[in-house]
Amino acid sequence: MKTCEYRKKLSDYIDDALPTAEKRELELHLAGCRNCALELEEINKIAALMQNYTRPEPSLEVLYSYHTRLEKLFPVHTFAERLRERLADFRQRLFDWNPAIVRLAGSAVLLIIGIFIGRLMFYEPEKVLITDQPRDLVVLNLNADDLKMVADYFIKSEILLLAIKNTPDGESLQPTELDFNQQLARDLLSSTTQVQQKAALINDQQISVFLNQIEFLLLQIANTDEQEIKNSFIQLRQTIRERKLIDESENLQKILKDMI
Amino acid sequence: MPDNDSRLLHNARNGDRNAFGKLVKKYQQKVLYLAFDLVNDYDTARDVAQDSFIRAYTRLNQFEDRAMFSTWLYRITVNTALDACRKKKREALQSLDDSMPEIEKSYYDAEEMSATPGQIVENKEMYARLREALEDLTENQKTATVLKYFHQKTSGEIAEIMGCAESTVRIHIHRALGNLRKKIAFDV
């Protein structure tokens with residue numbers, strides 16, 4: 001039936017996507033067909049409604065948590081980066097001013113650093129008495145339980161990293177093993193914020209950086225589905241190896257053990 | 001692909017998370033809005049958007065340079081959002097009544113200053129019906145419609161995002177408009 005054929009073209013007609021000849025043919029049809037004309041009018045209204053649709057804005061809470069989370073996972077302009085950029089900028093401006101003086105100043109600085117390193121190498125520091133008393137944890141605002149919580153987190157994350165690292169490339173993870181790993185990742189994720197807050201009080205940059213790396217890995221593990229297992233885990237194993245995360249975890253556990 | 005995206009992508013593939021962070025900053029709002037348009041709830045949309053960026057980061061090596069990064073990111077977001085919708089339906093989460101207040105509040109704020117009281121009520125009702133009708137479309141129809149009308153994508157771009165032919169996109173939109181027309185009875 002001719003009418004059905006023209007109805008299919010109405011949405012393309014609204015988008016001005018019909019060839020000229022077809023467009024003219026449709027317009028001639030519309031002039032004589034009330035049903036199609038009415039349908040076109042209603043489709044136009046729907047299209048206009050959608051084009052004028054203004055979605056509601058997210059709440060401040062949603063926006064804040066969204067941006068904070070992404071900033072944490074994929075930081076931009078870290079302090080180190082800003083410092084590097086400013087130093088590079090300062091160096092360039094100095095150089096533009098007078099290259100010869102800058103070179104001379106640079107050489108003088110290197111000489112001073114050399115003398116300093118030489119003194120360090122050949123200078124014996126006074127021996128410091130090591131007492132049997134534990135570190136003054138009050139200064140760190142942490143108690144032994146807090147440190148144990150952080151250490152426990154490192155132990156569990158190391159177990160997870162080892163489980164992933166020790167699955168040979170090319171072998172698929174059994175569903176039960178994946179479930180176990182994902183459940184462990186989710187359990188660790190649920191306590192990550194608290195652990196990071198405690199770790200921040202220790203004021204050790206190495207620990208903070210390591211925790212951020214672990215959190216990122218945990219999110220990847222928790223979000224992997226069965227179809228993506230192989231590829232995701234190959235990449236995870238590579239990351240664990242390249243960054244020596246298991247060695248890092250063991251070192252930090254030793255540091256924490258000494259503190260407790 | 002925009003030169004900036006290309007350069008950032010290259011660095012990100014070499015392990016520079018900062019570079020990927022810049023891409024995230026550039027697209028984070030669009031991704032959140034796209035997620036919301038598909039799942040109709042900001043808490044879920046936030047999770048979908050975050051997951052989409054994580055998935056994109058973990059799959060960077062699978063991205064083919066001939067495509068646009070934004071298109072690829074949109075595709076990931078659409079798939080993640082549809083997964084979330086399916087999960088939501090399976091778990092039979094929030095009822096329509098729970099989501100209504102969010103929509104109503106926004107339209108009250110947006111429309112109040114320029115419209116008469118009668119028009120405000122009518123617009124709110126109309127958009128609420130539109131939103132409800134969108135939820136009854138098939139996944140493909142909803143996706144194509146949202147991308148076309150809420151994100152101003154062309155049929156070609158939608159086809160790339162959805163991984164289908166342009167003619168298929170037109171069919172989805174045609175059917176979506178037909179279904180929406182039946183569900184939203186125009187009194188005017």
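All figures in this text were calculated on a predicted structure; none of them were measured in a lab.

**Regarding the overall build of chain B**
Logical step 1: Secondary structure assignment for chain B yields 9 helices and 0 strands.
Logical step 2: In chain B, the succession of helices and strands from N to C terminus is α-α-α-α-α-α-α-α-α.
Logical step 3: In chain B, which comprises 188 residues, the share counted as buried stands at 51%.
Logical step 4: Look at the contacts in chain B between residues 6 or more apart in sequence, and 64% of them connect residues 24 or more apart.
Logical step 5: Carbon and sulfur atoms form 46% of the exposed surface of chain B, whose accessible area is close to 9,200 Å².

**Brief notes about the confidence of the model for chain B**
Residue and element names in this part refer to chain B.
Logical step 1: The predicted model of chain B has a mean per-residue pLDDT of 81, with 79% of residues at 70 or higher.
Logical step 2: Of all the helices and strands in chain B, helix H5 (residues 96-111) carries the lowest mean pLDDT, 45, while helix H7 (residues 139-150) carries the highest, 95.
Logical step 3: Within the model, pLDDT remains below 50 along residues 100-118, and this stretch shows 20 contacts once partners closer than five positions in the same chain are excluded.

**Focus on the layout of surface pockets**
Logical step 1: Put simply, the largest pocket is a space of about 1,000 Å³.
Logical step 2: Around the largest pocket, the lining comprises 31 residues; the ones closest to its centre are Ala222(A), Asn223(A), Asp51(B), Arg55(B) and Lys87(B).
Logical step 3: For the lining of the largest pocket, the element with the highest residue contribution is helix H3 (residues 42-58) of chain B, accounting for 9 residues.
Logical step 4: Its residues assigned to classes, the lining of the largest pocket shows 9 nonpolar, 6 polar and 16 charged.

**Digging into the pattern of salt bridges**
Logical step 1: Considering all chains together, one arrives at 23 salt bridges over all chains under this definition.
Logical step 2: Linking Arg55(A) and Asp37(B) is a salt bridge whose minimum nitrogen-to-oxygen distance equals 2.7 Å. Of the two residues, Arg55(A) is situated in the loop between helix H4 (34-51) and helix H5 (60-73) and Asp37(B) in helix H2 (residues 17-39); the pairing between them involves two chains.
Logical step 3: In this structure Arg55(A) comes out as buried when scored by relative accessible area, which is 16%.
Logical step 4: One salt bridge in this structure joins Lys25(B) and Glu71(A), with 2.9 Å as the shortest N-O distance. On the criterion of chain membership, the pair formed by Lys25(B) in helix H2 and Glu71(A) in helix H5 is interchain, its members lying in two chains.

**Section: the packing of aromatic side chains**
Logical step 1: What the rule picks out here adds up to 13 aromatic pairs over all chains.
Logical step 2: Pairing Phe63(B) with Trp72(B) gives two aromatic rings, centres 4.9 Å apart and planes at 50°, and the pair type is tilted. When sorted by exposure, Phe63(B) lands in the same class as Trp72(B), which is buried.
Logical step 3: Through a chain of ring-to-ring contacts, three or more aromatic side chains come together here, namely Phe74(A), Phe216(A), Phe20(B) and Tyr57(B).
Logical step 4: For Lys148(B), the ring lying beneath its charged end belongs to Tyr149(B), and the centroid distance is 5.4 Å.

**Some words on the environment of Val62(A)**
Logical step 1: Mapped onto the secondary structure, Val62(A) falls in helix H5.
Logical step 2: By relative accessible area, Val62(A) is classed as buried at 5%.
Logical step 3: Val62(A) has contacts with Tyr42(B), Asp43(B) and Arg46(B), leaving out every residue within four places of it along the chain.

**Things to note about the interface of chain B and chain A**
Logical step 1: With 46 residues of chain B in contact, the opposing surface of chain A contributes 46 residues.
Logical step 2: Approximately 4,700 Å² of surface area, both sides summed, lies buried where chain B meets chain A, with 60% of it carried by carbon and sulfur atoms.
Logical step 3: The interface formed by chain B and chain A contains 6 salt bridges.
Logical step 4: Note that Arg181(B) is salt-bridged to Glu42(A), the shortest N-O span being 2.7 Å.
Logical step 5: Viewed at the interface, chain A and chain B are joined by 11 residue pairs in polar contact (both at pLDDT 80 or more).
Logical step 6: Elements with a minimum of two residues in the side of chain B that touches chain A: H2, H3, H5, helix H6 (117-135), H7 and helix H9 (166-183) of chain B.
Logical step 7: Considering each element in turn, the side of chain B that touches chain A owes the most residues, 13 residues, to H2(B).
Logical step 8: Taken together, the residues of the side of chain B that touches chain A sort by class into 22 nonpolar, 11 polar and 13 charged.

**Some thoughts on the nonpolar core**
Logical step 1: One finds Phe74(A), Phe154(A), Phe20(B), Phe53(B) and Phe69(B) to be the most contacted residues of the largest nonpolar core, which totals 108 residues.
Logical step 2: In terms of residue count, H2(B) provides more of this core than any other element does, 13 residues in total.

**A short note on helix H3 (residues 20-32) of chain A**
Residue and element names in this part refer to chain A.
Logical step 1: Taking 1.5 Å per residue as the helical rise, H3 with its 13 residues ought to reach 18 Å, and the 19 Å between its terminal C-alpha atoms agrees with that figure.
Logical step 2: Listed in full, the buried residues belonging to H3 are Leu-26, His-29 and Leu-30. Taken around the axis of H3, the buried residues stretch over an arc of 100°, which confines them to a single face. Structural note: H3 exposes Ala-21, Arg-24, Leu-28, Ala-31 and Gly-32 on the side pointing more than 90 degrees away from its buried face.

**Let's talk about unusual backbone geometry**
Residue and element names in this part refer to chain B.
Logical step 1: Phi is positive for Asn-40, close to 65°, though the residue is something other than glycine.
Logical step 2: Inspection of the secondary structure puts Asn-40 in the loop between H2 and H3.
Logical step 3: Backbone geometry places Gln-152, a non-glycine residue, at a positive phi of 50°.
Logical step 4: Relative to the assigned elements, Gln-152 resides in the loop between H7 and helix H8 (155-162).

**Description of the packing of H4(A) against H9(B)**
Logical step 1: As a packed pair, H4(A) and H9(B) sit with axes 10 Å apart at the nearest point and diverge in direction by 95°. Overall, the two elements H4(A) and H9(B) adopt an arrangement that is roughly perpendicular. Here Glu39(A), Glu42(A), Ile43(A), Ile46(A) and Met50(A) of H4(A) come into contact with H9(B), specifically with Leu177(B), Leu180(B) and Arg181(B).
Logical step 2: Across the contact of H4(A) with H9(B), the residue classes tally to 5 nonpolar, no polar and 3 charged.

Criteria and thresholds
- Residues numbered from 1 in each chain as written.
- Chains lettered and ligands numbered in written order.
- Predicted model: local features only at pLDDT ≥ 70, side-chain atom pairs only at ≥ 80, totals over all residues.
- Heavy atoms only, no water.
- Helix = DSSP H or I, 4+ residues; strand = E, 2+ residues; numbered from the N terminus.
- Buried < 20%, exposed > 50% of the residue type's maximum accessible area, 1.4 Å probe, protein only.
- Contact = heavy atoms within 4.5 Å.
- Areas by Shrake-Rupley, 256 points an atom, 1.4 Å probe, with all protein chains shown as cover.
- pLDDT = per-residue confidence, 0-100.
- 1 Å grid on protein atoms, 1.4 Å probe; cavity = no way out; pocket = protein on both sides within 12 Å on 5 of 7 lines; lining within 4 Å.
- Points joined across faces, edges and corners; volume = space filled by probe spheres on them.
- Nonpolar A, V, L, I, M, F, W, Y, C, P; charged D, E, K, R; others polar.
- Salt bridge = Lys/Arg side-chain N within 4 Å of Asp/Glu carboxyl O.
- Phe/Tyr/Trp six-rings, centres within 6.5 Å; stacked < 30°, edge-to-face > 60°.
- Lys NZ or Arg CZ within 6 Å of the ring centre and 35° of its normal.
- Buried area = accessible area lost by both parts, 1.4 Å probe.
- Polar contact = N/O pair within 3.5 Å; in protein donor to acceptor, adjacent residues only side chain to side chain.
- Core = buried A, V, L, I, M, F, W, Y, C linked by side-chain atoms within 4.5 Å.
- Expected span 1.5 Å × (residues − 1).
- Arc of directions from axis to C-beta.
- Axes fitted to C-alpha atoms, helices over the stretch in contact; angles between N-to-C directions.
- Parallel < 35°, antiparallel > 145°, perpendicular 65-115°, else oblique.

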